[in-house]
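# Tertiary structure, described
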Amino acid sequence: MNWGWSWATVHIRRAVQAGLFRGDNRGHFTPDAGITRAEAVVVLARVLRMPTVAVTTLTPERRSFRPADPARIAAEPETGALLVTGEVVVVATPGTSAAVVAAAAERVGGRVVGSHPALGLYQIEIAAEGVAGVEEAVGRLTGLPGVEWAVRNIVIGGNVRCPRDTYWLRRDDGEAAPCRPAGDARLWGPLMLKLPQAWGLRTGDSVTVGIIEGDFPAYHPDLAGLQHVRLRADTPDTGEADHGAHVACIIGARGENNEGMAGVLWRPNLIGYSTATFLDIAEALEALSEHARVINMSLGVGWSDPLLLAGLALGPGPPHARVVREANETIRSAMQRALSRGVLVVVSAGNYGWPTAFASPASLSAVFPNVITVGAVDVQGNRMRVLALGGRDLAASNYGPEVTIAAPGVNIFSCVDPAGPGRKNRSDAWYDYMTGTSMAARFVAGVAALIWSADPDLTYAEVKSILVRTAAPASFDRPLGAGIVNAEAAVAATALGLIQKAQREMDLAETREGTARRAHLVRAIRELDKALRLNWEPAAKAVAHVLRAKARYELEDFAAAIDDCDKALVLNPNLAPAYHIRAAARFAVPG
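On a predicted model such as this, the values are computed, not experimentally measured, just so you know.

## A few points about the confidence of the model for the protein chain
With 77% of its residues at a pLDDT of 70 or more, the protein chain has an overall mean of 80. Note on residues 1–61: pLDDT is under 50 here. Beyond four places in sequence and across chains, it has 112 contacts. Every residue in residues 303–313 is under pLDDT 50, and counting partners more than four places away or in other chains gives 22 contacts.

## Side note on the sheet that holds strand β7 (residues 121–125)
With respect to topology, four strands assemble into an open sheet ordered β6-β7-β5-β8, the strand pairing being antiparallel. The strands lining the two open edges of the sheet, one partner per strand, are β6 (111–116) and β8 (147–151). Sheet twist, expressed as the average angle between the axes of neighbouring strands with direction ignored, equals 25°. Across five bridges, β6 lies against β7 in antiparallel orientation. From the neighbouring strand, R111 faces β7, where its bridge partner is E125. Each of β5 (87–92) and β8 is contacted by helix α4 (residues 130–141), which is oriented at about 25° to β5, the strand it contacts most.

## Here we look at the side chain of N398
Tracing the backbone through its elements, the reader meets N398 in the loop between β16 (393–396) and β17 (405–408). A polar contact of 2.8 Å, which involves the side chain of N398, links it to the backbone oxygen of A349. Here the side chain of N398 touches G353 through a polar contact of 3.0 Å, landing on its backbone nitrogen.

## Comments concerning the pattern of salt bridges
Tallied over the entire structure, the rule returns 28 salt bridges. Ionic pairing is found between E125 and R111, a salt bridge with its closest N-O pair at 2.9 Å. One end of the pair, E125, is in strand β7; the other, R111, is in strand β6, and 14 residues separate them in sequence. Measuring nitrogen to oxygen at the nearest pair gives 3.6 Å for the salt bridge that ties E290 to R341.

About the thresholds
- Within every chain, residues take consecutive numbers counted from 1 along the sequence as written.
- Restriction of local features to residues with pLDDT of at least 70 applies here, the model being predicted, together with a cutoff of 80 or more for giving and counting side-chain atom pairs; totals for whole chains, interfaces and linings are based on all residues.
- Note: side-chain values were computed over all heavy atoms of the structure, leaving out hydrogens and water.
- Each residue carries a pLDDT score, the predictor's confidence in it, ranging from 0 to 100.
- Throughout, a residue-residue contact means that at least one pair of heavy atoms, one from each residue, lies within 4.5 Å.
- In this description, strands pair whenever DSSP reports at least two bridges between them.
- Each helix is a run of H or I in the DSSP string that is no shorter than four residues. Each strand is a run of E no shorter than two, and both are numbered from the N terminus.
- Note on geometry: axes are C-alpha line fits, over the in-contact stretch for helices, and angles between N-to-C directions span 0 to 180 degrees.
- Polar contacts here mean pairs of N or O atoms no more than 3.5 Å apart (in protein, one a potential hydrogen donor and the other a potential acceptor; neighbouring residues in sequence count only if both atoms are side-chain atoms).
- A side-chain nitrogen of Lys or Arg and a carboxyl oxygen of Asp or Glu constitute a salt bridge if their distance falls within 4 Å.

Set out below in structure tokens:
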């Protein structure tokens, strides 16, 4: 039996007409740039079961319950589920009056702020703050007269996940604060990138990332497992291991090891090369491009003229151009081989406020399509500028058409070398702040690897495209590329892309017969297998199960199709296509 795709394409076309997303007459769809994971879930749900409807927004006086205050939404540490703090939902015993519920609320120091008596639901505002305050109020309300259930007000979706590491679990004052308040200075960068939302889908295990640096520390608990290859000769302690530790931890500090912080990737394979010259960099590029999907270089030349720093030179001139040309030529062949192997190379733009054309390797993004050059922004989303006396920039992000994208780079908190200059015997020697495009480039390298962890079959060009088209738009005083990297949108677009690829394969299967048709269905199942390894919200996961059930049914794997339908219906009992496919599969099973 051939089910066809009419039930999906009808809703896709309706959604296209409503402006939800762009599509073509075959039912393929492409999310608009900047689509969030929550929006992707809505799209997927509509594809299968939601007709277009006229939307009426109720005014506050017509609503039964007070809208959730975004500032009061927090994540539960155990599951990452989001809930509204400062309030509790009471399910009243049948026949209970509003006055009885109000009295119960007063006994715990709360008050009724919303109600729907016909449903027996009451919204209780409580004085206690935070997740712990909600838990306490639930416990105290349970068992009071008129209260059948006291429950937390859970936010739809909210698939946020934060690591159980020191700086994600505690505020500066020592109080517990899972997922960190937005005002925390130590973790503003990850929060700007929406990493907790991205981690709700994927935490980046087992991706290999190469790091080319000056040096790395001999030991750091958050860099356990770093493979360190030294190309340079031993040198006096110059603090370069500080820089290496800082940027390596931004990419891949171990998540959930109860130590310090977590990187963009929680369990990556990190390979670090210590280098001193551009010949060393060429050798490191050649070696790393055989193993890594992403190589990061937060280093270079072309921006360290002391005359410019002192304000005695107007800008880069022929001598600077020569240095950059020589450096680029030294690594050109190694970069070409990295391109031929499909490796993405992420480099920092530089820190002296010059056009990036006068920096190496940052300027190579104009030559090699697999190079991403990264500029830096501050906490307000402005181009990084650190002002010196007299209003002159002490440091500023380089800029220009060579810059691909931007990321946080000012006062970024990360690991340092505990044996570095001035840190020996200090209790706070393990972590510190640094500023620069080096930090920004590490964030982008980490997000690129996070995308690859969600879909290992993507090409470097596809990963780069996802980063660029999902970047958060921003207005800068100088060109910094597409905007600020958005980890949540990038991973969501990757996840949605898996569904899109599966749909395309199943569409092609409709037009083929025999072995060719079977091959397309097998490829569709492979994409859906990858999608179902992600931590989707229930509505989206149910959709993926139904699509896989349909493909399995077409392959006459009826038992597996029934299993997928059962899993979909547990997640969403109202998913009509799951019932249809399940019924047909049961009918087809012998006996």
